[in-house]
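Structural overview
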Amino acid sequence: MADVRDHKVVGVHELPEASDNRGNTLNSLEAGQDEAEVAKIERVYKKIDRRIIPAFWILYFLCSAIRSNVGLAQTMNKAAGHNLEAVLHLNAKQTSTALALFYVAYVLFDLPSNLIMTRLSPRVWMSRIVLAVGIIGACFAAVKAAWSLMLLRFLLGVVIAGMWPGMAYYLTLFYPPSRTGKRIGQYFTAAQVSAAVVGLVSAGFQKMDGLGGLVGFQWMFLLYGLCAIVLGFVLLWWLPDRPLPPGEGRTRAGLMKWLPATLPVLTGEDAEIHYQDLTRVYHPRPWNMKDLIMVLIDWRLWPLVLMYFGVVGVGIGTQLYGTVIISGINSSFSGITLSLLFAPIWVMDLIAILLVTPISDRFHHHRATFFSAAVCIQIAGLLTTTFAPRSQPWARYGGLLMVGFGLGPTVPICMTWTNEIFQRRHGEVGVAAASALVSGLGNLGSIMTTYALYTGWPEDAKKGPHQYRKSNLAMIGILCLSILASILMTVLLKVVGNKPNRKIIGSEGSDSASDYQDGAARREGQQRGFDRMWWSK
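Here the structure is a predicted model, which is why all the values come from computation and not from measurement.

What to know about empty space enclosed by the protein
The gaps left among the atoms become clear once a water-sized probe is rolled over them. Applying the stated criterion to the full structure yields four cavities of 30 Å³ or more. Roughly 280 Å³ of internal volume is contained in the largest cavity. Around the largest cavity, the lining comprises 23 residues; the ones closest to its centre are Tyr60, Arg67, Phe188, Val312 and Ile316. Sorting elements by how many residues they give to the lining of the largest cavity places helix H13 (residues 301–329) first, with six residues. Here the lining of the largest cavity is composed, by residue class, of 15 nonpolar, six polar and two charged.

A few points about the side chain of Arg425
With respect to the helices, strands and loops of the structure, Arg425 is situated in helix H16 (residues 393–426). Looking at Arg425, its side chain comes within polar contact range of the side chain of Asp298, at 2.9 Å. Filtering out sequence-adjacent residues up to four positions away, Arg425 remains in contact with Asp298, Arg300, Asn498, Lys499, Pro500 and Asn501.

Structural notes on the side chain of Arg424
Checked against the element boundaries, Arg424 lands in helix H16. Owing to a relative accessible area of 17%, Arg424 belongs among the buried residues under this scheme.

Focus on helix H19 (residues 469–496)
With 28 residues, H19 should reach 40 Å at 1.5 Å per residue; the first-to-last C-alpha distance of 41 Å fits that figure. Among the residues trailing H19, Gly497 stands out with phi positive, at a value near 90°.

A word on the environment of Gly199
Relative to the assigned elements, Gly199 resides in helix H8 (residues 180–207). Taking the C-alpha atoms as reference, Gly199 lies 9.3 Å from Thr323; in sequence the two are 124 residues apart. Here Gly199 is in contact with Leu72, Ser194 and Ser339, once residues within four sequence places are set aside.

Things to note about the packing of helix H4 (residues 92–119) against helix H17 (residues 428–442)
Two numbers describe how H4 lies on H17: the axes approach to 8 Å, and their chain directions differ by 165°. By the angle between their directions, the pair H4 and H17 is classed as roughly antiparallel. Judged by the sense of rotation from one axis to the other, the crossing of H4 with H17 is right-handed. Together, Tyr106, Val107, Asp110, Leu111, Asn114, Leu115 and Thr118 of H4 and Glu428, Val429, Ala432, Ala433, Ser435, Ala436, Leu437, Ser439, Gly440 and Leu441 of H17 make up the contact between the two elements. When the residues that make up the contact of H4 with H17 are grouped by side-chain class, the tally is ten nonpolar, five polar and two charged.

Focus on the nonpolar core
With 148 residues, the main nonpolar core has Ile48, Phe56, Leu59, Met163, Trp164 and Ile326 as its most contacted residues. A per-element tally of this core places helix H2 (residues 35–73) first, with 18 residues. In contact with Met163, not counting residues within four places along its chain, are Leu59, Tyr60, Cys63, Met126 and Ile129.

Quick notes on the environment of Ile326
Within the element layout of this structure, Ile326 appears in helix H13. Taking the C-alpha atoms as reference points, Ile326 and Leu341, 15 residues apart in sequence, are found 7.9 Å from one another. In contact with Ile326, other than residues within four places in its own chain, are Phe333, Leu338, Leu341, Phe342, Ile345, Tyr397 and Leu400.

Remarks on helix H6 (residues 146–160)
If you check H6, its first and last C-alpha atoms are 21 Å apart, about what 15 residues at 1.5 Å a residue would give, namely 21 Å. Directly beyond the C-terminal end of H6, a positive phi value near 90° is found at Gly162.

Considerations on the packing of aromatic side chains
Across all of its chains, the model carries 19 aromatic pairs by this definition. Geometrically, the ring pair formed by Tyr60 and Tyr187 is edge-to-face, given 6.4 Å between the ring centres and 75° between the ring planes. One end of the pair, Tyr60, is in helix H2; the other, Tyr187, is in helix H8, with 127 residues separating them in the sequence. Tyr187 carries the same exposure label as Tyr60, and that label is buried. Relative to Tyr282, the ring of Tyr275 has its centre 4.9 Å away and its plane inclined at 65°; by these criteria the two rings are edge-to-face. Here the aromatic cluster, defined as three or more aromatic residues joined through ring pairs, consists of Phe56, Tyr60, Trp164, Tyr170, Phe174, Tyr187 and Phe188. The ring of Trp238 carries Arg51 above its face, with NZ or CZ at 5.3 Å from the centroid. The ring of Trp125 is capped by Arg128, whose NZ or CZ atom sits 4.2 Å from the centre of that ring.

Re the pattern of salt bridges
Evaluation of the coordinates by the stated rule reveals eleven salt bridges. For Asp270, the salt bridge goes to Arg43, with nearest N and O atoms at 2.5 Å. Taken as a pair, Asp270 in helix H10 (residues 268–277) and Arg43 in helix H2 lie far apart in primary sequence, 227 residues in all. By relative accessible area, which is 8% here, Asp270 ends up buried. Residues Arg367 and Asp361 are paired through a salt bridge, measuring 3.0 Å at the closest nitrogen-oxygen approach.

Points about a nonpolar patch on the surface
A grouping of Leu484, Ile487, Val491, Val495 and Val496 is seen on the molecular surface, where their side chains present a nonpolar patch of about 480 Å² in accessible area. Structurally, Leu484 can be placed in helix H19.

Basis of the calculations
- Residues numbered from 1 in each chain as written.
- Predicted model: local features only at pLDDT ≥ 70, side-chain atom pairs only at ≥ 80, totals over all residues.
- Heavy atoms only, no water.
- 1 Å grid on protein atoms, 1.4 Å probe; cavity = no way out; pocket = protein on both sides within 12 Å on 5 of 7 lines; lining within 4 Å.
- Points joined across faces, edges and corners; volume = space filled by probe spheres on them.
- Helix = DSSP H or I, 4+ residues; strand = E, 2+ residues; numbered from the N terminus.
- Nonpolar A, V, L, I, M, F, W, Y, C, P; charged D, E, K, R; others polar.
- Polar contact = N/O pair within 3.5 Å; in protein donor to acceptor, adjacent residues only side chain to side chain.
- Contact = heavy atoms within 4.5 Å.
- Buried < 20%, exposed > 50% of the residue type's maximum accessible area, 1.4 Å probe, protein only.
- Expected span 1.5 Å × (residues − 1).
- Axes fitted to C-alpha atoms, helices over the stretch in contact; angles between N-to-C directions.
- Parallel < 35°, antiparallel > 145°, perpendicular 65-115°, else oblique.
- Left-handed = near helix turned anticlockwise from the far one by under 90°.
- Core = buried A, V, L, I, M, F, W, Y, C linked by side-chain atoms within 4.5 Å.
- Phe/Tyr/Trp six-rings, centres within 6.5 Å; stacked < 30°, edge-to-face > 60°.
- Lys NZ or Arg CZ within 6 Å of the ring centre and 35° of its normal.
- Salt bridge = Lys/Arg side-chain N within 4 Å of Asp/Glu carboxyl O.
- Patch = residues over 30% accessible without salt bridge, like charges linked within 9 Å, V, L, I, M, F, W, Y side chains within 5 Å.
- Areas by Shrake-Rupley, 256 points an atom, 1.4 Å probe, with all protein chains shown as cover.

Everything listed is a geometric property; what it means functionally is a separate question.
In structure tokens, the structure reads:
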């Protein structure tokens with residue numbers, strides 16, 4: 001195995017002093033590499049893709065469906081009096097409280113869950129999350145009163161906390177941060193497909209209303225929950241564990257002795273190539289409370305939280321209340337029609353993700369530009385939905401399609417930028433803690449959307465030409481906050497920079513494994529642009 005100790009820190013935890021020549025040096029690195037070696041590296045990452053991304057897509061699809069089904073349950077079989085509010089005798093405030101309690105638990109437990117994942121086996125912890133989500137999700141079929149709905153929503157938030165930031169952290173164990181945007185986007189499309197498919201499939205569940213003594217939404221909760229339980233066990237066998245240096249065996253102790261072993265994601269020459277390209281993840285620096293505190297007080301965290309706060313608030317608001325907004329456009333729509341009209345919003349979301357996130361990885365120095373442009377499309381869509389004439393309901397619906405398109409790339413870009421900034425500055429604990437805090441604290445926007453807007457704002461929910469207008473304008477306001485935060489982050493990074501935190505690495509000797517510069521770190525200083533695209537080969 002090649003010795004990486006000859007490559008001391010330049011790109012991972014240290015910036016060279018002679019930065020004037022850095023750009024020219026980095027720009028010539030990849031051009032000087034042998035094309036065959038670059039092709040081998042690309043082949044290795046594609047092999048990892050086949051093992052991780054489909055599994056992540058399926059788990060995120062099911063967990064997203066279970067999390068958001070309560071929104072569809074509000075309109076399912078409404079004409080028969082078998083929708084969620086009618087069966088449980090809920091008022092608008094109780095519904096909003098139940099929805100918001102999920103995010104309260106999510107915010108509280110997101111960081112602890114992600115930190116536990118760094119200490120334990122990541123694949124075991126991820127399987128635990130999916131299994132618990134399935135159990136709680138199936139229990140929703142048995143709700144009989146407002147208190148049981150609120151309790152289960154809170155418990156769902158507890159068990160699902162750490163899933164989304166944990167997936168982002170998990171990717172950094174196998175990929176350079178600059179290459180995670182496209183992959184986060186790939187499995188994030190599961191949420192959009194879930195929103196679209198769940199909306200379509202809910203029409204079928206409505207046809208099952210009364211079968212076996214269960215109403216339509218109870219069948220929906222039960223079947224999705226059972227599917228997630230099965231998936232939780234499958235992932236325990238399928239997902240790879242943290243990669244080990246070639247030739248090093250994995251020690252199975254404690255509980256791990258009783259759990260099924262999983263095959264390594266790479267072997268032979270592929271494992272050697274990955275080790276040389278991403279050495280940093282094979283030699284993680286053990287973190288302590290001091291390291292965690294340094295992440296918590298890092299100013300770079302808070303603009304990212306504000307960015308996430310705005311877009312996730314609008315995204316969850318659209319997901320939970322999309323059918324409510326559409327029904328406000330035309331109150332004569334049936335429940336099935338609402339479900340069918342709800343799906344194209346997420347098709348637009350999916351298209352935008354697949355178009356924008358790969359390009360944002362290739363131009364990863366301009367994350368803020370891609371993010372802000374997408375947010376502007378959301379604002380334009382909300383303005384169209386809010387102010388288009390009542391006589392033109394399809395124009396207002398077109399505004400919702402614009403919102404869906406703009407929503408797509410924003411969350412993956414925000415999480416990817418977090419990975420890039422905090423892995424360089426704080427190492428592995430930086431990625432785990434920052435992604436959890438951005439996701440958790442950013443979801444305060446979800447609490448505001450679900451508890452204070454739409455049906456949670458009785459005055460704004462009154463029937464009439466201006467129904468939900470104030471809620472839509474509030475969503476526009478928090479989107480403007482997201483754009484301002486991205487601009488602020490860009491300016492401050494230009495002025496202050498993003499050098500490694502020397503209070504953390506200062507006590508380490510020169511032989512620390514985190515001091516090595518790997519192949520990926522050397523390449524991350526430059527943008528790939530459209531190099532090696534299909535038309536340039």
